[in-house]
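Remarks on the overall topology
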Amino acid sequence: MKTSNIYLDLIAVFAPLSLISVGGGQSVVGDMHLQAVDIYHWLTHAQFIDLFAISRAAPGPGALLATLIGWQVSGWQGALVASLALFGPSTVLAYFVTRAWHKSHDKPWTTLVQNALAPLASGLLLTSAIIILRSTSGGVTPWLLAAVSAGIFWRFKKLNPLIVLCAGGFVLVAARLWF
Amino acid sequence: MPILAAMSDSSLIPTPPASPTPTPTLGLLFILFAKIGATSFGGGISGWMYRDFVDRYHFLTEDEFMSALTISQILPGPNVANLALHIGHKLRGGIGGLVSVMALVTPPMILAVLLSIVLLDLGSIKWIHDFLEGLAASALGLTASIGLRGIKRSYRLGLWPLTLSVSVFIGLFLLELPLVPVILVLALVGLVCAHFQQTRMKR
């Protein structure tokens with residue numbers, strides 16, 4: 001559904017993701033990749049990986065990836081439109097649910113909804129990671145790196161992720177230098 | 001003014017401590033969330049919020065924070081933005097919620113764009129792209145580990161949550177179906193399963 005207007009395209013991509021991203025922004029990274037690289041050709045895969053890495057290393061929510069894609073597509077206006085499209089709809093929904101929440105004190109439905117949606121979030125997170133890894137052309141090294149850091153994060157829950165992420169960066173630089 | 005009343009009260013009656021849930025000003029809300037947004041390198045934002053709002057300033061009790069965290073994780077969208085909205089709304093009403101989200105999100109947005117301007121300018125240097133690619137691979141490992149942990153946690157409910165997680169993978173990755181309908185259908189299935197389980201446990 002490409003239109004001639006780049007801002008409408010950004011909204012068409014990110015606004016639905018805003019309302020479907022159960023389990024947080026990371027769960028829809030796989031779909032962002034599909035849309036931005038394969039469908040709209042806004043970015044190459046390598047550019048997407050660079051922006052994804054920056055959004056993970058920078059402070060703040062990882063959903064800033066949308067801001068960076070918007071910025072890459074059409075500068076500051078693009079960044080603003082993409083951010084509003086990704087954060088806006090979910091924030092409006094959260095606003096009304098929050099208001100209803102603060103009014104009612106009987107909340108048995110929260111456990112039910114959480115039990116129902118948690119498995120989707122888990123599945124989305126795993127699928128996102130695998131979709132992006134599949135499209136990397138860098139051979140087995142990124143897969144190995146991802147598997148090892150998944151193991152580390154599984155084992156050490158309190159670890160500051162930034163340490164492991166930067167170590168991952170250095171390992172790949174070293175691997176590409178030596179092999 | 002309640003503060004003056006509290007002060008004069010406490011000068012007369014020594015025992016009751018100051019009000020247990022003081023209310024921050026909009027300015028303080030903005031500063032706190034902006035600080036968290038701009039300094040939370042490596043994630044763990046909700047942990048920082050907990051430290052500031054529960055441990056340090058006592059604006060919220062632990063239970064209030066945990067229920068805010070739960071609701072913000074149920075809702076779609078970036079969890080931390082939902083959490084900021086919920087906390088801000090609780091402390092200062094609708095405008096407080098809006099201020100909190102803006103404060104949390106805007107500084108890191110500007111930082112991230114500046115960072116990418118610098119790094120991608122240097123992007124022609126091969127090792128910088130290699131570094132970012134390695135960092136991305138590790139970040140994908142982090143994403144996957146959170147998914148795996150979620151699968152392990154929901155296994156206590158039986159086999160249906162695992163089936164749902166696997167269905168997401170089959171639908172999106174193997175069959176390459178579009179995201180929105182897949183999630184809507186599976187969410188419905190999940191609600192039905194969770195509902196049946198809850199009514200069965202009540203009996």
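Keep in mind it's a predicted model, so treat the numbers as computed, not measured.

1. Overview of the overall build of chain A
- Helix and strand counts for chain A come out as seven helices and zero strands.
- N-terminal to C-terminal, the α/β element order of chain A is α-α-α-α-α-α-α.
- For chain A, the C-alpha atoms occupy an extent of roughly 60 × 45 × 25 Å along the three principal directions.
- A buried classification covers 54% of the 179 residues belonging to chain A.

2. Let's talk about the confidence of the model for chain B
Residue and element names in this part refer to chain B.
- With 87% of its residues at a pLDDT of 70 or more, chain B has an overall mean of 82.
- When pLDDT is averaged over each helix and strand of chain B, the minimum, 42, is found for helix 1 (residues 2–12) and the maximum, 93, for helix 7 (residues 160–174).
- Here residues 1–19 is a poorly scored stretch, pLDDT under 50, and it has two contacts once near neighbours within four places are set aside; other chains count.
- For this predicted complex, the interface confidence comes out at an ipTM of 0.83, alongside a pTM of 0.80.

3. Details of the interface of chain A and chain B
- Listed as interface residues are 87 residues of chain A and, on the opposing side, 81 residues of chain B.
- Put simply, the parts of the chain that give the side of chain A that touches chain B at least two residues each are helix 1 (6–20), helix 3 (45–57), helix 4 (64–103), helix 5 (109–134), helix 6 (141–155) and helix 7 (161–178) of chain A.
- Looking at the side of chain A that touches chain B element by element, the count peaks at 23 residues for helix 5 of chain A.
- Split by residue class, the side of chain A that touches chain B holds 58 nonpolar, 25 polar and four charged.

4. Observations regarding unusual backbone geometry
All names here are of chain B.
- Phi angles above zero are rare outside glycine, and H58 is one such case at about 55°.
- With respect to the helices, strands and loops of the structure, H58 is situated in the loop between helix 3 (45–56) and helix 4 (62–74).
- With 13 C-beta atoms packed within 10 Å, H58 lands in the partly exposed category.
- With a phi angle near 55°, E176 is a residue other than glycine that sits in the positive phi range.
- By secondary structure assignment, the location of E176 is in the loop between helix 7 and helix 8 (179–202).

Quick notes on the rules
Residues numbered from 1 in each chain as written. Chains lettered and ligands numbered in written order. Predicted model: local features only at pLDDT ≥ 70, side-chain atom pairs only at ≥ 80, totals over all residues. Helix = DSSP H or I, 4+ residues; strand = E, 2+ residues; numbered from the N terminus. Buried ≥ 20, exposed ≤ 12 C-beta atoms within 10 Å, placed from the backbone. pLDDT = per-residue confidence, 0-100. Contact = placed C-beta atoms within 7 Å. Nonpolar A, V, L, I, M, F, W, Y, C, P; charged D, E, K, R; others polar.

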